[in-house]
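Given next are the chains, with one letter for each unit.
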Amino acid sequence: MAEEANHSIDSNNVQELPKVVVLGLPTCFSTLEQKYCNKFHFLNSKASGFLPLQQFLIDHNHQSSSIQAILCSISASVNADVLRLFPSLGLVVTTSAGTDHIDLKECRRRRIQVAGAGELFSADVAEMAVALLIDVMRKISEADRYMKTLNHSGPWDFPLGSKLSGKRVGIVGLGSIGMEVAKRLECFGCIILYHSRHKKTDVSYPFYSSVVELANSSSALVVCCALNEQTKHIINREVMSALGKGGFIVNVGRGGLIDEKQLVKCLMEGEIGGAGLDVFENEPHVPQELFAMNNVVLSPHSAAFTEESLMSLCELLGGNLEAFFSNKPLITPVMLDG
């Protein structure tokens, strides 16, 4: 089948197809390429190793002026220098809901459209947030390690966990993911509190304009807001101290939302109860100190990815590319303020 597909692509002259530069090699790229290879000419910058992008274009005789679209993952920094390589660029499509890896100001200045994952991942990420919270509070991963390394000749002396039901949970960022987290935690009888840029007029949860005050009123914080200049290190030492020794933090947003060095210190010094982390400040690097902590649960930035979500993502990415090259409105446009 692959040979037949390649033959079909050759016969249709792939060079005449709209060109899309692929940066960062998205997780679903192989499926996307197979599904849309007869509609777009994907220029995979990672296919030839780790050549600088400009060198990749030169070595493969790709005229940058003929490229109108970029497809990227969160691991690719689409900054002003990258954007300047493509004078005819009209679209950046990212596989993520977050856009902190894209220079949106430069896109706005150049009138380059941006499309993201929208709310596609909201339910999946919310599930992971609740799972991490249950895991770290009830010590599930710790219990698994305990049982697998147990000397069965002695008594069980496993430490007690904390119940989730009835707890006051502060959500930092009550967007689409935050709302999905809130709905799930309500089923556990949790009391939901939140902090966002603005108070939501359509929800009844108590609003806190200060993250410190939110932490002081909560037993756990779930962090799921966007990362930008205003939210970088929104969870700092003061917030962690306000949360207290029995408090828990879950982060399914971006690693930079938490001052990671201070988080490590607070965990080591027992200033907070534990953490569930799907994201890290300097990915793919994770602080080594976290590996030995039983009150920390780690996940490899995989909250958004399920078999179902990846298939839906391929459809969405392809749909946005088709819309752009057909001069139609994007399916999930990112609003460029200003």
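Residues numbered from 1 in each chain as written. Predicted model: local features only at pLDDT ≥ 70, side-chain atom pairs only at ≥ 80, totals over all residues. Heavy atoms only, no water.

A. Highlighting the overall build of the protein. When you go through the protein residue by residue, the secondary structure sums to 12 helices and 11 strands. Here the protein holds 338 residues, and 49% of them are scored as buried. Taking as baseline every contact in the protein between residues at least 6 positions apart, the subset at least 24 positions apart corresponds to 59%. Seen as two clouds, the 29 positive and the 36 negative side-chain charges of the protein have centres 6 Å apart. (Helix = DSSP H or I, 4+ residues; strand = E, 2+ residues; numbered from the N terminus. Buried < 20%, exposed > 50% of the residue type's maximum accessible area, 1.4 Å probe, protein only. Contact = heavy atoms within 4.5 Å. Lys, Arg positive; Asp, Glu negative; His and termini not counted. Charge placed at Lys NZ, Arg CZ, Asp CG, Glu CD.)

B. View of the sheet that holds strand S7 (residues 191–195). If you trace the six strands from one edge of the open sheet to the other, you get S7-S6-S8-S9-S10-S11, paired in parallel fashion. Strands with a single pairing partner mark the edges of an open sheet, and in this sheet they are S7 and strand S11 (296–298). Strand-to-strand twist of the sheet, defined as the mean angle between neighbouring strand axes without regard to direction, takes the value 15°. In this sheet, strand S10 (residues 274–277) lies alongside strand S9 (residues 248–251) in parallel orientation, the contact comprising four bridges. Among the inter-strand pairings, Val250 is bridged to a residue of S10, identified as Gly276. Relative to the sheet, helix H6 (residues 122–138) contacts strand S6 (168–172), strand S8 (220–223), S9, S10 and S11, its axis offset from that of S9 by approximately 150°. (Pairing = 2+ DSSP bridges. Axes fitted to C-alpha atoms, helices over the stretch in contact; angles between N-to-C directions.)

C. Inspection of unusual backbone geometry at higher detail. The amide bond that connects Glu283 to the next residue, Pro284, takes the cis arrangement and shows omega of 10°. Within the fold, Pro284 resides in the loop between S10 and S11. A positive phi angle, near 60°, is found at Lys139, a position not held by glycine. Note on placement: Lys139 falls in the loop between H6 and helix H7 (140–148). Located in the positive-phi region is His233, a residue other than glycine, with phi close to 55°. Here His233 is to be found in the loop between S8 and helix H10 (237–243). Looking at His233, the relative accessible area reads 24%, which means it is partly exposed.

D. Summary view of the pattern of salt bridges. Using the criterion set out here, one finds 12 salt bridges in the structure. Residue Glu322 pairs with Lys39 through a salt bridge whose shortest N-O separation is 2.3 Å. Taken together, the residues span a long stretch of sequence, with Glu322 in helix H12 (residues 307–325) and Lys39 in the loop between helix H2 (29–36) and strand S2 (41–44) at a distance of 283 residues. Close ionic contact of Lys148 with Asp144 constitutes a salt bridge, the shortest N to O distance being 3.2 Å. (Salt bridge = Lys/Arg side-chain N within 4 Å of Asp/Glu carboxyl O.)

E. Molecular detail of the nonpolar core. By size, the foremost hydrophobic cluster in this structure holds 51 residues, and its most contacted members are Phe42, Leu71, Leu133 and Leu185. Per-element accounting of this core gives the leading share, eight residues, to H6. Those residues within four positions of Leu185 in sequence are excluded, and the remaining contacts are Val130, Leu133, Leu164, Val169, Cys190 and Ile192. Membership of the second largest hydrophobic core comes to 30 residues, among which are Val211, Ala242, Ile258 and Val264. (Core = buried A, V, L, I, M, F, W, Y, C linked by side-chain atoms within 4.5 Å.)

F. Structural view of the packing of aromatic side chains. Evaluation of the coordinates by the stated rule reveals eight aromatic pairs. Ring geometry for Phe40 versus Phe325: centroids 5.8 Å apart, planes at 40°, classification tilted. With Phe40 in the loop between H2 and S2 and Phe325 in helix H12, this pair connects stretches of sequence that are 285 residues apart. By relative accessible area, Phe325 is classed as partly exposed at 23%. Taken together, the aromatic side chains of Phe29, Tyr36, Phe40, Phe42, Phe324 and Phe325 make up a single cluster linked through ring pairs. (Phe/Tyr/Trp six-rings, centres within 6.5 Å; stacked < 30°, edge-to-face > 60°.)

So yeah, pure geometry; function would need other evidence.
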